[in-house]
Amino acid sequence: MKLAESWVSVRDRLSLMGVEDASLEAEVLHRQALEMDRVGFFSELQTEVPFEHAERVRHLAERRLAGEPLPYITGIREFYGLDFMVDSQVLVPRQETELLVDLTLMAVTDMGLTRPVIADVGTGSGAIAIALASRLSLATVYATDVSQDALDVAQRNCERYGVADRVRLMQGDLLSTVTGKLDIIVSNPPYIPSVQLATLPSDVQREPRMALDGGPDGLDVIRRLLGQVQEKLQPNGRLMFELSPEQVEEAMEIAHEAFPERDVSFERDLLKLPRVIVVS
């Protein structure tokens, strides 16, 4: 079978499974199996695929068809222009979460911070913390997570990008292990209502439940975070956290109750959907 025929076959099977980017995913699976870059892949479309390579493609395709997230198969997920190592111990970083990095970088400038002290709460793979540290050479970034397995993945990513001396990984519940005052607190907490977990796509259901489950209304972790923030945040500090668009109104009310003297607003993502609550 030629490479082009194999690509089409896997694409069609993924499409039948409901994968939106079936063509791209089929391409990525082939490149992973054949250890090809994109230029090499398209230049070899009319070549025959050796049996052992075809078996490798088949094995990876079966994993994807069984519902395993593509980044777990490739071991890599791109986020904010960086390639992060990921596995089943961490949530797959999403494009919409890049907004948190954008807002934090803007906040550092707006607040006139030269040596910002930032906490990334629920860091997972370390994507947010490392993206910030790679662009803020004088920043100290605390990256917390309740899961030591997740922190092990974050450690490998810190070493990959040479920021292990500035990203301080800490195991604990939210901000419980962080001492001192923080200029900026940023978080992509679990915010999916428990009852909705079973309705998620099969690949999302393979991600760590503790990184998804936000309790009955999806806001349990956010409530606990707001309770801890009050004693950790500088008087002129800023808190930013991601959530689902339909949760914005209720989350803003909760934030107003926790911080009646502060301004509470929201920012929209690239799809113009409310995505991040900002307390400033």
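For the structure, see preceding data.
Residues numbered from 1 in each chain as written. Predicted model: local features only at pLDDT ≥ 70, side-chain atom pairs only at ≥ 80, totals over all residues. Heavy atoms only, no water.

### Focus on unusual backbone geometry
Residue leucine 174 is not a glycine yet carries a positive backbone phi of 55°. Its place among the elements puts leucine 174 in the loop between β5 (167-171) and β6 (182-187). Of the residues examined, leucine 174 reaches a relative accessible area of 11% and is grouped as buried. In this model, lysine 272 sits at a positive phi of 70°, which is unusual for a non-glycine residue. Positionally, lysine 272 belongs in the loop between β8 (264-268) and β9 (274-279). Judged by its relative accessible area of 61%, lysine 272 is exposed. (Helix = DSSP H or I, 4+ residues; strand = E, 2+ residues; numbered from the N terminus. Buried < 20%, exposed > 50% of the residue type's maximum accessible area, 1.4 Å probe, protein only.)

### Concerning the sheet that holds strand β3 (residues 117-121)
Strand order in the open sheet formed by seven strands is β5-β4-β3-β6-β7-β9-β8, with mixed pairing between adjacent strands. Since the sheet does not close on itself, it has two edges, and those belong to β5 and β8, each with one partner. Each neighbouring strand pair of the sheet contributes to a mean axis angle of 20°, computed without reference to strand direction. With respect to the sheet, helix α10 (residues 220-229) is in contact with β3, β6 and β7 (233-242), its orientation differing from that of β7 by roughly 170°. (Pairing = 2+ DSSP bridges. Axes fitted to C-alpha atoms, helices over the stretch in contact; angles between N-to-C directions. Contact = heavy atoms within 4.5 Å.)

### Digging into the pattern of salt bridges
Taken as a whole and judged by the stated rule, the model has 16 salt bridges. With its nearest N and O atoms 3.4 Å apart, the salt bridge here joins aspartate 203 to arginine 64. On the criterion of sequence distance, the pair formed by aspartate 203 in helix α9 (residues 202-205) and arginine 64 in helix α4 (residues 51-65) is long-range, its members being 139 residues apart. Comparing aspartate 203 with arginine 64, the two get one shared label, buried. We note a salt bridge from arginine 223 to aspartate 220, for which the minimum N-O separation is 3.3 Å. Of this pair, arginine 223 and aspartate 220 are both found in helix α10, three residues apart, which corresponds to roughly one turn of the helix. We classify aspartate 220 as partly exposed; its relative accessible area is 33%. When salt bridges with common partners are traced through the structure, they connect Asp217, Asp220, Arg223 and Glu250 into a single cluster. (Salt bridge = Lys/Arg side-chain N within 4 Å of Asp/Glu carboxyl O.)

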